[in-house]
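Listed here are the chains, written in short residue letters.
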Amino acid sequence: MTAIQDFQAHIAELSDLLCAISVLKWDARTQMPHGGAETRGYQLATLSRLAQEHFISDKTARLLDAAETAIAGEAADSYLVRGVQQTRQYYEIIGKLPLELVSEKAALEPVSEGVWAEAKKNNDFASFAPYLQQQVDLARRQADAIGYSEHPFDALVFEYEPSMTAAKLRVLFDGLKVGLLPLLRAIVAKSQPLEKNLWTREYPLERQKAFGLEIAQRFGYDLNRGRLDIAPHPFEISFTRQDVRITTRYQPNYFPMALYGTLHETGHALYEQGVDPALTRTALTIDFLGKYPVGGTSYGVHESQSRLWENQIGRSRAFWNAHFDRFQHHFPDVSADVDPEFMYRAVNRVQPSLIRVEADEVTYNLHIMLRVEIELGLMDGSIKVNDLPEIWNAKMGEYLGVTPPDDARGVLQDIHWSGGGFGSFPGYTVGNVMSAQFLDAARRDVGALDDSLAAGDYAPLLGWLTENIYRHGRAFSGSELLIRSTGADLTVEPYLNYLRAKFTDLYGLA
Ligand code: ZN
């Protein structure tokens, strides 16, 4: 075999180990009985150790040296070169992480997530606090091991959004606040209740699932390579492009939770299913740091896709005009007195609220800013775990004007910290901002894109996204993808323009 073939075969085995870990994580979050948490922790720790030993080894060093020699003269942006370069980059980063830190993290994750789920159910932050403290300590040890120049958060956010730092995020957030806060104030001043309350009606769960899956397939989600399950905190996960799973959750009266949860995760899944088959089991579909989703280049780019399909498509007037007949088909008893325009208005209500995942497009990023500021404080030591409920509630009051009645709807609402996922939240806001840039570029490049969207035909949009983003896997950074496909790096103006246009119209603002 050639040096490149030897290298690829070695990386393919690493891919297999990492995908097996992801299958166990999917199982822990969707199927596993509570009692399985501790032994699952051992299983994940063992597999994580094997994966790390496979990767951080003399063999990898030897194969990598040979592969680097073999790619000399290849185009700098070819998949082959990018794969070897990224392998080298992560080889050096992971080499800095002590083995015992990695297995401690892997063992703590399912236990801590189990405790969080119980604590949330029982509204009992005190029972979760010691586990959260352990996660904070592990994250700080990790940041110290990897190294950073300005803020420990920089080492953590790198895992999710390599081009972001604490300093860049502060600039991004400032730009957003200037646009969002006046818009939110104008909307709140104009807000009136809808004439009919849709969320006291009954939406049978089986029909919610059928409607959501029908739309997901219209968007392009391939069920031969996917499935939908229930999870308390919805997510998408993939074990190569051939098996890309999504989850959602259901409420009997409030169908947007399940529908938009499904469409959000479908956006992630379209990205993973759209990766070039040639990249399967290569360095460009591996998250070397053991996060997921595996095939996308960063959290921010991934969120740009989930938010694009969920909001810019799923919450558009065109969407409800195109699919209202299917909504009536699935829910004949509750849809007789509404029309597409009413549905469009109903799913776009702006209301400062307690829960991030249910937040509207205008307030969503304020929820993210709150969390990122808390993470920055936890990492530099200016915020203590035991003070979190109080700090959380104070910030909710300051940004959104609401106060959580309990910690279950406050500091305990998100799963991320229980899994040690510090640094992932900025990806949501980065993704929102990117999504508007990508959609603007698709409109520029694809003839009559809005006509096909109005007809419920998503193939032209999916084609553009696949060509410009999905197929590349992790070959290009978020910043590179933006510049290659839109001509500009990350900028807030297209996103703010989108929000202003949509909500000025919806709320009749001047
Ligand atoms: Zn998402």
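Starting from 1, residues in each chain are numbered consecutively following that chain's sequence as written. Reporting of local features is limited, given that this is a predicted model, to residues whose pLDDT is at least 70; pairs of side-chain atoms are given and counted only at 80 or more, and all residues count toward the totals for whole chains, interfaces and linings. Heavy atoms from the whole structure form the basis of all side-chain values; hydrogens and water molecules are not counted.

Peer 1: So, the coordination of the zinc ion: which residues are in play, and what are the values?
Peer 2: Sites may look incomplete, because water is not among the atoms used; the donor set itself consists of N, O and S atoms within 2.8 Å of the metal (3.2 Å for Na, K and Ca). Looking at the zinc ion, the protein donor atoms are His264 (NE2), His268 (NE2) and Glu303 (OE), and they sit 1.9 to 2.1 Å from it. The motif formed by the donor residues of the zinc ion, counted along the single chain, is H-x3-H-x34-E. Here the residue histidine 268 occupies a position in helix H10 (residues 255–273), and glutamate 303 occupies one in helix H11 (residues 299–313), the gap between them amounting to 35 residues. Neither histidine 268 nor glutamate 303 differs from the other in exposure class; each is buried. Helical segments are the DSSP runs of H or I of at least four residues, strand segments are the runs of E of at least two, and each set is numbered from the N terminus. Think of it in three bands: with a 1.4 Å probe and only protein chains considered, a residue is buried below 20% of the maximum accessible area for its type, exposed above 50%, and partly exposed in between.

Peer 1: Run through the domain arrangement of the chain, naming residues and quoting values.
Peer 2: Per the annotation, domain bounds derive from an automatic or database assignment of domains. The assigned domain composition of the chain is domain 1 (3–150) and domain 2 (166–507). Relative to domain 2, the C-alpha centre of domain 1 lies at a distance of 25 Å. Here, residues are in contact when the closest pair of their heavy atoms is within 4.5 Å. Contacts between domain 1 and domain 2 engage 44 residues on the former and 52 residues on the latter. Accessible-area loss on putting two parts together, using a 1.4 Å probe and summing over both, is the definition of buried area adopted here. At the boundary of domain 1 with domain 2, total buried surface from both sides reaches about 4,300 Å², with 65% on carbon and sulfur atoms. When the area that domain 1 buries against domain 2 is broken down by residue, the three leading residues are Trp26, Tyr79 and Phe125, summing to 18%. What makes a salt bridge here is a side-chain nitrogen of Lys or Arg within 4 Å of a carboxyl oxygen of Asp or Glu, nothing more. Viewed at the interface, domain 2 and domain 1 are joined by three salt bridges.

Peer 1: Requested: an account of the packing of H11 against helix H18 (residues 459–468), with residues and values cited.
Peer 2: Two elements in contact, H11 and H18, have axes whose closest approach is 13 Å; the angle formed by their N-to-C orientations is 160 degrees. It follows that H11 is roughly antiparallel to H18 by the angle criterion. For the element pair H11 and H18, the recorded crossing hand is right-handed. Contact residues: Gln305, Leu308, Trp309 and Ile313 in H11; Leu461, Leu462 and Leu465 in H18. Ten residues, namely Ala, Val, Leu, Ile, Met, Phe, Trp, Tyr, Cys and Pro, are considered nonpolar, four, namely Asp, Glu, Lys and Arg, are considered charged, and the remaining ones, Gly among them, are considered polar. Partitioned by chemical class, the residues of the contact of H11 with H18 number six nonpolar, one polar and no charged. Note on definitions: angles span 0 to 180 degrees between N-to-C directions of axes, and those axes are lines fitted to C-alpha atoms, for helices only across the stretch in contact. Roughly parallel means an angle under 35 degrees; roughly antiparallel, over 145; roughly perpendicular, 65 to 115; everything else is oblique. When the near helix sits turned anticlockwise from the far one by under a right angle, the crossing is termed left-handed; a clockwise turn instead gives a right-handed crossing.

Peer 1: Quick rundown of unusual backbone geometry? Include the residues and the values.
Peer 2: Despite not being glycine, asparagine 123 shows a phi value in the positive range, around 50 degrees. Considering the arrangement of structural elements, one finds asparagine 123 in the loop between helix H5 (99–122) and helix H6 (125–146). Under the relative-accessibility criterion, asparagine 123 is labelled partly exposed at 36%. In the Ramachandran plot, alanine 448 falls in the positive-phi region, its phi being about 50 degrees despite a non-glycine side chain. With respect to the secondary-structure elements, alanine 448 resides in the loop between helix H16 (426–445) and helix H17 (449–454). The exposure class assigned to alanine 448 is partly exposed, which follows from its relative accessible area of 48%.

Peer 1: Give me the pattern of salt bridges: which residues, what numbers.
Peer 2: Counted under the stated rule, the structure contains 33 salt bridges. Among the ionic pairs, glutamate 373 bridges to lysine 395, the shortest N-O distance being 3.0 Å. Residue glutamate 373 is located in helix H14 (residues 364–380), and its partner lysine 395 is located in helix H15 (residues 388–400); the two are separated by 22 residues in the primary sequence. Ionic pairing is found between aspartate 445 and arginine 444, a salt bridge with its closest N-O pair at 2.8 Å. One continuous salt-bridge network, built from bridges that share partners, spans Lys25, Arg29, Glu109 and Glu113.

Peer 1: Go over helix H2 (residues 37–55), please, and point to the residues and values.
Peer 2: Spacing of three or four residues puts side chains on the same side of an α-helix, whose turn is 3.6 residues. To estimate the expected span of a helix, subtract one from its residue number and multiply by 1.5 Å. The end-to-end C-alpha distance of H2, which contains 19 residues, comes to 26 Å, matching closely the 27 Å that a straight helix rising 1.5 Å per residue would cover. Taken together, the buried positions of H2 are Ala37, Arg40, Gly41, Leu44, Ala45, Ser48, Ala51, Gln52, His54 and Phe55. For H2, the secondary structure elements touched by its buried residues are helix H1 (3–30), helix H3 (58–70), helix H4 (79–95) and H5.

Peer 1: So what's going on with the sheet that holds strand S3 (residues 244–248)? Which residues, and what values?
Peer 2: Taken in spatial order, the three strands line up as S1-S3-S2 in an open sheet, and their pairing is mixed. Only two strands of the sheet have a single partner each, and these edge strands are strand S1 (226–230) and strand S2 (236–238). Taking each pair of neighbouring strands and ignoring which way they run, the sheet shows an average axis angle of 20 degrees. A strand pair is defined by DSSP finding two or more bridges across the two strands. Where S1 lies against S3, five bridges are found, and the strand directions are parallel. In the sheet register, glycine 226 faces S3, and the bridge partner there is valine 244. Across the face of the sheet, H1 comes into contact with S1, S2 and S3 while running at roughly 35 degrees to S1. H10 rests against S1, S2 and S3 of the sheet, and its axis sits at about 165 degrees to S3.

Peer 1: Break down the nonpolar core for me, citing the residues and quoting the values.
Peer 2: The biggest cluster of nonpolar side chains holds 153 residues, and the ones touching the most others in it are Trp309, Trp320 and Leu461. Each of domain 1 (3–150) and domain 2 (166–507) gives at least three residues to this core. Excluding its chain neighbours within four sequence positions, the residues that come into contact with leucine 461 are Leu308, Trp309, Ile313, Leu439, Ala442, Leu449 and Leu453. Throughout this description, the term nonpolar core refers to a set of buried Ala, Val, Leu, Ile, Met, Phe, Trp, Tyr and Cys residues connected via side-chain atoms within 4.5 Å. Counting six residues, the second largest nonpolar core, distinct from the first, contains Cys19, Trp26, Ala231 and Phe235.

Peer 1: Now, about the packing of aromatic side chains: what can you tell me, with residues and values included?
Peer 2: Any pair of Phe, Tyr and Trp rings, taking the six-membered ring for Trp, is counted once the centres come within 6.5 Å. Such a pair is stacked with planes under 30 degrees apart, edge-to-face with planes over 60 apart, and tilted for the rest. This structure, assessed with the given rule, holds 28 aromatic pairs. Here phenylalanine 211 and phenylalanine 327 contribute two aromatic rings whose centre-to-centre distance is 5.9 Å and whose plane-to-plane angle is 55 degrees, an arrangement assigned as tilted. Placement of phenylalanine 211 in helix H9 (residues 205–219) and of phenylalanine 327 in helix H12 (residues 317–330) is noted, with a sequence separation of 116 residues between them. With respect to burial, phenylalanine 211 and phenylalanine 327 carry one shared label: buried. Their ring planes at 20 degrees and their centres at 6.3 Å tell us that tryptophan 417 and phenylalanine 422 sit as a pair that is stacked. With relative accessibility at 5%, the residue tryptophan 417 sits in the buried group. Classification of phenylalanine 422 as buried rests on a relative accessible area of 2%. Distance and angle both matter: a charge sits over a ring if NZ of Lys or CZ of Arg is within 6 Å of the ring centre and within 35 degrees of the ring normal. Across the ring face of tyrosine 364, the terminal group of arginine 307 is positioned such that the distance to the ring centre comes to 3.7 Å. Over the face of the ring belonging to tyrosine 428 we find arginine 356, whose NZ or CZ atom lies 4.6 Å from the ring centre.

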